Each structure stands twice: as structure tokens, then as C-alpha cells.
Amino acid sequence: MRVFVTGGTGHAGSYIIPELIAAGHEVTGLARSDTAAAALSALGVTVRRGDLEDLDGLKEAAADSDGVIHVAHRQDLLPSGGIDAVAAAELPIMLAYGEALAGTGKPLVAAGSIGSPGNLGRPATEEDPALPGGDEHTGTLRVRNIVETTVIGLAEQGVRSSIVRIANIAHSATDQAGFLMQLIALAKEKGVVGYPGDGANLWNAVHARDLASVFRLALEKGPAGSYWHAVGDGAIPLRELAEAIGSRLNLPAVSIPADVLMVPGYFGFLANIVTQSYPASNLITRQTLGWEPTQPGLLAGLDNGHYFPAI
């Protein structure tokens, strides 16, 4: 297939592109800078210069392809407008893809969040829809759920659209800014590895290479209107992760009292994220796409030499 990819130089994209090429696909990648263009060229990608604000260019690129994988975001909007602005900018992009691909049956695979079904009191499955947003959720990850539901809705217009819900932590030897890096940086700054309350809340994780294979399989054979769970470890107590980080930094793992002052005092802008529980199943993804994670799990992946380089 001729595949148009956005976000190809990001953490996930830099694994998705080699995965596609190894499977025999031809990839065109969007590049907004000379640096990005050079990085894509080095991966064997045909470079298309442009940016996410050029909707006509995105429609043209989608129409010229056999399928689209979209993992880019307007991160430049975060400092001024937060996640609300990022979601607002992403919605017209998805609608533009919909116009270009309507009635073709071609695939559109976009990145989503494993937290979009909310806290269900049980592991989330691929059959759980994204929660609706609304003004009361301004400033939270939930405002982006409209993007996910819009992509899923394109199935009714003849697009083989799907969402890959990405685990809380995507880890690899090239991770530069994910939650795991942030938790490690906090521990180094504070001198202890904190976890909220009893730390029994559950997080999930996936290796970036396994994540890439979910995107490829969804592109190749995922039915229209589907959610997929790129989750390797589906339920890791946050306390276990804190203790694992502490053992490698030789720092104590300590409980941060779960109140409105102490948790933000330690975790800062991560406070409303680390207190949530995100158990998730990958059963439908494995059964339908034939996907099986093959890379080390999160706790084993801490020893890949990247997160805690030898001093």
C-alpha cells in the first residue's frame, strides 16, 4: 500500500514507519521542517513538505494514498490553549481526511487514548466507546474524545476508519518525553519516588515497537469503525512502578497523601492523571488483528540502558 503518515518523526511515528516499510508498504511522510524531512528521508520515506494547518494539502495527500496513519498533534498549541486547543485543531483535520476518503473504503488509522472510555471499575475493552466531552471537561484529556468519535463516525461515510488507543506509557530506548521519563525526572528532582495514596491504581504500558505493529495491522485489515488497544501490560499498580524506579535510582518509594495539596505539590501538572486507574484489555485486538506483543514489558524495559544509563 501507499501510506501517508503524519507524525513520522515522533516517538510512535519513528517506529511505525520502519514497521510499514518492513511489511512492504511505500510511505509518504509529512515534514514541516528541513530537519524532519532529512529524518524521514533517512528512513526511506518519500517526503511531502507541509503542516497540519494546510487542510487542502492533507486532503490531497490522503486522496493520493491507499491509506492514512495520523499520529501528529499540534503540540505548539499546548502552552497557550492547552489540550482544548489541540483537540479543536485536530477535528477539522479528521473531517478533511473524511472528505478525501469518503466512499473509497480506504483505511484511516488515528491515535487515541486508552483513557477515553473513562474509569469503568473494570478493564476497558475495545467495545467501550469514548466518553462524550462537554464544557465541564475543559482542560482534561476528555475534550479530545470528540476527535476519536469523529474518526469512528467516518465509517458511515465509507472510510475504513479506526482508532488505536495508546497505553499510558509507551516505552522504548528512544523515549524522550513520555510519562515514564517525567516520573523519573520528578523522582530525581524530589529525592523520592512518589505514588498517590496506596498506589493501587492501575496503569498500562506498551513497547513502542509493539505499538507500531497495531497501527500496521489496523491499516492492513482492521474493520471500519473499530477501536484497538495498543496495550502490552494492562494493569500495573503505580506503587510497583514507583518501587521499580526507586530501586534503580537508589531512592525510596513513598506514598503521597491523596489530597488536593499534597498530590499536586509532588506531581504538578500530572496530578489529575496519576491518581486515575486505567486497567485495559487487549483481547479483541489480539483476536481480530492477530497481534501479540513481543517486546519486553514495562518493568523489564526499565533495564534497556536508556532510562537509567550507567554512570
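What you see is a predicted model; the values in this text were computed from it and never measured.

Let us now look at the overall build of the chain. What the chain contains, in helices and strands, is twelve helices and twelve strands. Expected size for 311 residues packed as a compact globule is a radius of gyration near 19 Å; at 19 Å, the chain falls within 12% of this value. Expressed as a percentage of its 311 residues, the buried residues of the chain come to 47%. Restricting the contact set of the chain to residue pairs at least 6 apart, pairs at least 24 apart contribute 78%.

Let us now look at helix α7 (residues 208-221). Between its terminal C-alpha atoms α7 stretches 20 Å, which fits the 20 Å expected from 14 residues at 1.5 Å a residue. Most of α7 sits out of view: eleven of its 14 residues are buried.

Of note, E19 is situated in helix α1 (residues 13-22). Looking at E19, the relative accessible area reads 18%, which means it is buried. Reaching out from E19, the side chain makes a polar contact with the side chain of R216 at a distance of 2.6 Å. When near neighbours in sequence (up to four residues on either side) are disregarded, E19 contacts A212, S213 and R216.

Attention shifts here to the sheet that holds strand β4 (residues 67-70). In spatial order, the strands read β3-β2-β1-β4-β5-β6-β10; together these seven strands make up an open sheet with parallel pairing. The open sheet has two edge strands with one neighbour each: β3 (46-49) and β10 (226-230). This sheet shows a mean twist of 25° between the axes of neighbouring strands, independent of strand direction. Relative to β4, strand β1 (residues 2-6) runs parallel, the two sharing four bridges. Within β4, the position partnered with V3 by the bridge is G67. Across the sheet, helix α4 (residues 78-101) touches β1, β4 and β5 (107-113), and the angle it forms with β4 is around 170°.

Okay, the packing of helix α3 (residues 55-63) against α4 next. Relative to each other, α3 and α4 sit at 40°, their axes nearing to 8 Å. Looking at the two axes, α3 sits oblique to α4. When the axes of α3 and α4 are compared, the crossing they make is right-handed. Along the contact surface, α3 presents L55, L58, K59, A62 and A63, while α4 presents P92, I93, A96, Y97, E99, A100 and L101. Residues of the contact of α3 with α4, tallied by class, amount to ten nonpolar, no polar and two charged.

Here the focus is the sheet that holds strand β7 (residues 169-171). Strand order in the open sheet made by the three strands is β7-β9-β11, with mixed pairing throughout. Where the open sheet ends on each side, the last strands, each with one partner, are β7 and β11 (233-237). Ignoring strand direction, the axes of neighbouring strands in this sheet form an average angle of 40°. Relative to β11, strand β9 (residues 202-207) is paired through three bridges, and the arrangement is antiparallel. The residue of β11 that forms the bridge with W203 is I236.

So, about the pattern of salt bridges. Oppositely charged side chains are able to pair whenever their charged atoms sit close together. A complete count under the given rule lists 15 salt bridges for this structure. Two residues, E19 and R216, come together in a salt bridge whose shortest N-O distance is 2.6 Å. Placement of the pair is E19 in helix α1 and R216 in helix α7, with a sequence separation of 197 residues. Take E19 and R216: they sit in the same class, and that class is buried. One salt bridge in this structure joins E60 and R48, with 2.8 Å as the shortest N-O distance. Here E60, found in helix α3, pairs with R48, found in strand β3; they are twelve residues apart in sequence, far enough to count as distant.

Counting residues in hydrophobic clusters, the biggest one holds 37 residues, and the most contacted among them are I16, L20, I69, V164, L211 and F215. Breaking this core down by element, the ones donating at least two residues are β1, α1, β2 (26-31), α2 (34-42), β5, β6 (160-166), α7 and β10. For I69, the contacting residues outside a window of four places in its chain are V3, F4, V5, T6, I16, L20, V109, F215 and L219.

Time to look at the packing of α1 against α7. Relative orientation of the contacting elements α1 and α7 amounts to 55°, with a least axis distance of 8 Å. When the axis of α1 is compared with that of α7, the two are oblique. Between α1 and α7 lies a crossing whose hand is right-handed. Taking contact as the criterion, the partners of Y15, I16, E19 and L20 in α1 are, on α7, A208, R209, A212, S213, F215, R216 and L219. Partitioning the contact of α1 with α7 into residue classes produces seven nonpolar, one polar and three charged.

The next point concerns the packing of aromatic side chains. All told, the structure shown has three aromatic pairs when counted by the stated rule. With centroids separated by 6.1 Å and ring planes inclined at 75°, the aromatic side chains of W203 and Y278 adopt a geometry described as edge-to-face. Taken as a pair, W203 in strand β9 and Y278 in the loop between α10 (271-274) and α11 (283-289) lie far apart in primary sequence, 75 residues in all. We note that W203, like Y278, is buried.

About the thresholds
- Residues numbered from 1 in each chain as written.
- Predicted model: local features only at pLDDT ≥ 70, side-chain atom pairs only at ≥ 80, totals over all residues.
- Heavy atoms only, no water.
- Helix = DSSP H or I, 4+ residues; strand = E, 2+ residues; numbered from the N terminus.
- Rg over C-alpha atoms; globule rule 2.2 N^0.38 Å.
- Buried < 20%, exposed > 50% of the residue type's maximum accessible area, 1.4 Å probe, protein only.
- Contact = heavy atoms within 4.5 Å.
- Expected span 1.5 Å × (residues − 1).
- Polar contact = N/O pair within 3.5 Å; in protein donor to acceptor, adjacent residues only side chain to side chain.
- Pairing = 2+ DSSP bridges.
- Axes fitted to C-alpha atoms, helices over the stretch in contact; angles between N-to-C directions.
- Parallel < 35°, antiparallel > 145°, perpendicular 65-115°, else oblique.
- Left-handed = near helix turned anticlockwise from the far one by under 90°.
- Nonpolar A, V, L, I, M, F, W, Y, C, P; charged D, E, K, R; others polar.
- Salt bridge = Lys/Arg side-chain N within 4 Å of Asp/Glu carboxyl O.
- Core = buried A, V, L, I, M, F, W, Y, C linked by side-chain atoms within 4.5 Å.
- Phe/Tyr/Trp six-rings, centres within 6.5 Å; stacked < 30°, edge-to-face > 60°.

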